[in-house]
Amino acid sequence: MPAAFPIAVFISGRGSNLQALIERAEHFKIELVCSNLDCPGLDYARNAGIKTVTHTRKNFPSRLAQQEALFGAAQQQGVKLIALAGFMQIIEQSIVDAWFGKMINIHPSLLPKFPGLDTHQRAIDAKEAEHGCSVHFVDGGMDTGPLIAQGRCGVLPTDDAHSLAQRVLGIEHRIYAWVLNQIARGGSTFDGRTVQYNTTTEAAAAHEGFVLHGVRMSAR
Ligand code: GRF
């Protein structure tokens, strides 16, 4: 059994995606949970015996210094990938650059539709028939990085933002761990330009009902 793929999870809030990652980790291991504030989600990490690091903005002269401390902790821990899970700070460009290809995010919309906040209400207002969530690599834009996978659901005539958010959140909890397990076992890769997946990941995505983005790896 190969050593588990070490990751850090960055959060700022309730941490339900973190909890789902803790429960569904098969091929990756959460070595560290980092936060920019003392938030409820950190309890999930503590209860699972996972190390936590919190660095709040007010204790540093700049946001860059604060984020260098936070991301430096992940670097020092030797993680191969950072998973943002409701981390609510804009990340400094130098840090995005340093972690490019090694940092992913989950966003509650079918990107490129509805980047930013209030995605569920905006999907209802736009009379979308479908909504969902996206897992993507992080680049310097707002929810613009290369897509890895999306999970979809219908928007019902009876939906309000709350009911739709709940349905999407259930998909988030499945897809984020699923993507991380695929990356950890080499079934989904990114060379800085193209996201690629292998046929095992492709079959597994079809089984789960997830839509993969990128291109299929050529057979070796
Ligand atoms: C999720 O909807 C995620 O997609 C977005 O922030 C929210 C975090 O929720 N980026 P939680 O803290 O994981 O419960």
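The structure under discussion appears in the preceding block.
Q: Could you clarify how one ought to interpret the overall build of the protein in this entry?
A: A count of helical and extended segments in the protein gives seven helices and 11 strands. The C-alpha atoms of the protein give 17 Å as radius of gyration, which agrees with the globular expectation for 220 residues (17 Å, within 12%). Considering only C-alpha atoms, the protein reaches an extent of 45 × 45 × 35 Å along its principal axes. Within the protein, contacts between residues separated by at least 24 positions form 58% of all contacts whose residues are at least 6 apart in sequence. Treating the 20 positive side-chain charges of the protein as one cloud and the 20 negative ones as another, the clouds have centres 4 Å apart.

Q: Quick question: what am I supposed to make of the pattern of salt bridges here?
A: If the charged atoms of two oppositely charged side chains come close together, the side chains can form a pair. Applying the stated criterion across every chain yields a total of nine salt bridges. The shortest N-O distance in the salt bridge between arginine 63 and glutamate 92 comes to 2.9 Å. Taken together, the residues arginine 63 in helix α3 (residues 63-77) and glutamate 92 in the loop between β4 (81-84) and α4 (93-98) connect sequence positions 29 residues apart. Note that glutamate 208 and arginine 174 form a salt bridge whose closest N and O atoms lie 3.1 Å from each other. Remark: arginine 174 occurs in helix α6 (residues 161-184) and glutamate 208 occurs in helix α7 (residues 199-208); sequence separation between them is 34 residues. On the basis of relative accessible area, glutamate 208 is assigned to the partly exposed category, the value being 30%. Within the structure, one salt-bridge network assembled from shared partners comprises Asp38, Asp43 and Arg46.

Q: I keep staring at the nonpolar core and nothing clicks. Help me out?
A: One broad rule of soluble globular proteins: the nonpolar side chains tend to lie buried together. Core analysis: the largest hydrophobic core is formed by 42 residues, its most contacted members being Ile7, Val9, Ile30, Val33, Ile104 and Val179. With 11 residues, α6 is the single largest residue contributor to this core. Ignoring any residue separated from it by four or fewer positions in sequence, one finds isoleucine 30 in contact with Ile7, Val9, Leu18, Leu21, Ile22 and Ile50. The next biggest cluster of nonpolar side chains, apart from the first, holds 19 residues, and it includes Ala8, Ala74, Val79 and Ile91.

Q: Quick question: what am I supposed to make of the pairing of strand β7 (residues 147-154) here?
A: A regular strand places its side chains on the two faces of the sheet in alternate fashion. The buried fraction of β7 is high, at six of eight residues. One ladder, built from seven bridges, connects strand β6 (residues 130-137) with β7; its direction is antiparallel. When the sheet's bridge partners are listed, glutamate 130 is paired in β7 with glycine 154. Note that β7 and strand β10 (residues 210-212) share three bridges and pair antiparallel.

Q: Teacher, can you tell me more about the site of the ligand here?
A: The environment of the ligand is made up of Arg14, Gly15, Ser16, Asn17, Gly86, Ile106, His107, Pro108 and Glu172. Here an oxygen atom of the ligand and a side-chain polar atom of glutamate 172 are 2.6 Å apart. The fraction of the free accessible surface of the ligand (370 Å²) that becomes covered by protein chains is 85%. For the shell around the ligand, the elements supplying multiple residues, two or more each, are α1 (16-24) and β5 (103-107). Partitioning the shell around the ligand into residue classes produces two nonpolar, five polar and two charged.

Cut-offs applied
- Residues numbered from 1 in each chain as written.
- Predicted model: local features only at pLDDT ≥ 70, side-chain atom pairs only at ≥ 80, totals over all residues.
- Heavy atoms only, no water.
- Helix = DSSP H or I, 4+ residues; strand = E, 2+ residues; numbered from the N terminus.
- Rg over C-alpha atoms; globule rule 2.2 N^0.38 Å.
- Contact = heavy atoms within 4.5 Å.
- Lys, Arg positive; Asp, Glu negative; His and termini not counted.
- Charge placed at Lys NZ, Arg CZ, Asp CG, Glu CD.
- Salt bridge = Lys/Arg side-chain N within 4 Å of Asp/Glu carboxyl O.
- Buried < 20%, exposed > 50% of the residue type's maximum accessible area, 1.4 Å probe, protein only.
- Core = buried A, V, L, I, M, F, W, Y, C linked by side-chain atoms within 4.5 Å.
- Pairing = 2+ DSSP bridges.
- Near = heavy atom within 4 Å.
- Polar contact = N/O pair within 3.5 Å; in protein donor to acceptor, adjacent residues only side chain to side chain.
- Areas by Shrake-Rupley, 256 points an atom, 1.4 Å probe, with all protein chains shown as cover.
- Nonpolar A, V, L, I, M, F, W, Y, C, P; charged D, E, K, R; others polar.

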